[in-house]
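# Structural description and commentary
These are the residues of each chain, in order.
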Amino acid sequence: MNCEWKSPQTWMGAPLIHVAFGQDADGRPRIARGVIAVGQRAIGGIAVGILAGGFLAVGVVSGGVFAFGVVSVACIAAAGVHAFAPVAIGVTAFGFAVGGVAPVGWKVLFSTVR
């Protein structure tokens, strides 16, 4: 399935909403880039995808200021199975203030393993 849609509205040159799935003409995965980006790979203010990067990132592998997913790396807060951030919640959580099944951090907020 090859699908791409961009909203006609832009903000600072980027489309307000960009949805992209499938492959481009060269056979590479499409990358959604916009204020709100949705796709297999998404980069934007709010990014949702398998690989997601942005201010708020939600995906299987996500990175940003706030990140949620299976593997989440964030500058402020992350949640997911494996979370890496100053404030991290996950099965394995690494950071300053952490919580989860096996947290590793300076302050453990909660844990099922002590």
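For the structure itself, consult the block above.
To start, this report covers the structure provided alongside it. Values in this document were obtained by computation on a predicted structure and should not be read as measured data.

The next point concerns unusual backbone geometry. A positive phi angle, near 55 degrees, is found at M12, a position not held by glycine. With respect to the element layout, M12 can be found in the loop between strand 2 (10–11) and strand 3 (14–15).

Right, let's talk about the pattern of salt bridges for a bit. Here the structure, examined in full by the defined rule, presents 3 salt bridges. A salt bridge links R30 to E4, with the shortest nitrogen-to-oxygen separation between them at 2.8 Å. With R30 in the loop between strand 4 (17–21) and strand 5 (31–84) and E4 in strand 1 (residues 3–6), this residue pair connects regions lying 26 residues apart in the sequence. The salt bridge involving D24 is made with R28; its shortest N-O contact spans 3.7 Å. A single network of salt bridges, built from pairs that share partners, joins D24, D26 and R28.

Judged from the 4 bridges that link them, strand 4 and strand 5 form a sheet pairing that is parallel. The partner of A20 across the bridge, within strand 5, is G39. One ladder, built from 7 bridges, connects strand 5 with strand 6 (residues 87–111); its direction is parallel. Paired with H82 across the bridge in strand 6 is T92.

Across soluble globular proteins, you tend to see nonpolar side chains buried next to one another. The biggest cluster of nonpolar side chains holds 8 residues, and these are A67, A74, A78, A83, A85, A88, A93 and V98. Per-element accounting of this core gives the leading share, 4 residues, to strand 5. Residue contacts for A67: discarding those within four places in its chain leaves A57, S62, S72, V73, A74, A77, A78 and A79.

Scoring rules and cut-offs
- Residues numbered from 1 in each chain as written.
- Predicted model: local features only at pLDDT ≥ 70, side-chain atom pairs only at ≥ 80, totals over all residues.
- Heavy atoms only, no water.
- Helix = DSSP H or I, 4+ residues; strand = E, 2+ residues; numbered from the N terminus.
- Salt bridge = Lys/Arg side-chain N within 4 Å of Asp/Glu carboxyl O.
- Pairing = 2+ DSSP bridges.
- Core = buried A, V, L, I, M, F, W, Y, C linked by side-chain atoms within 4.5 Å.
- Buried < 20%, exposed > 50% of the residue type's maximum accessible area, 1.4 Å probe, protein only.
- Contact = heavy atoms within 4.5 Å.

These results come straight from atomic positions and should not be treated as a statement about function.
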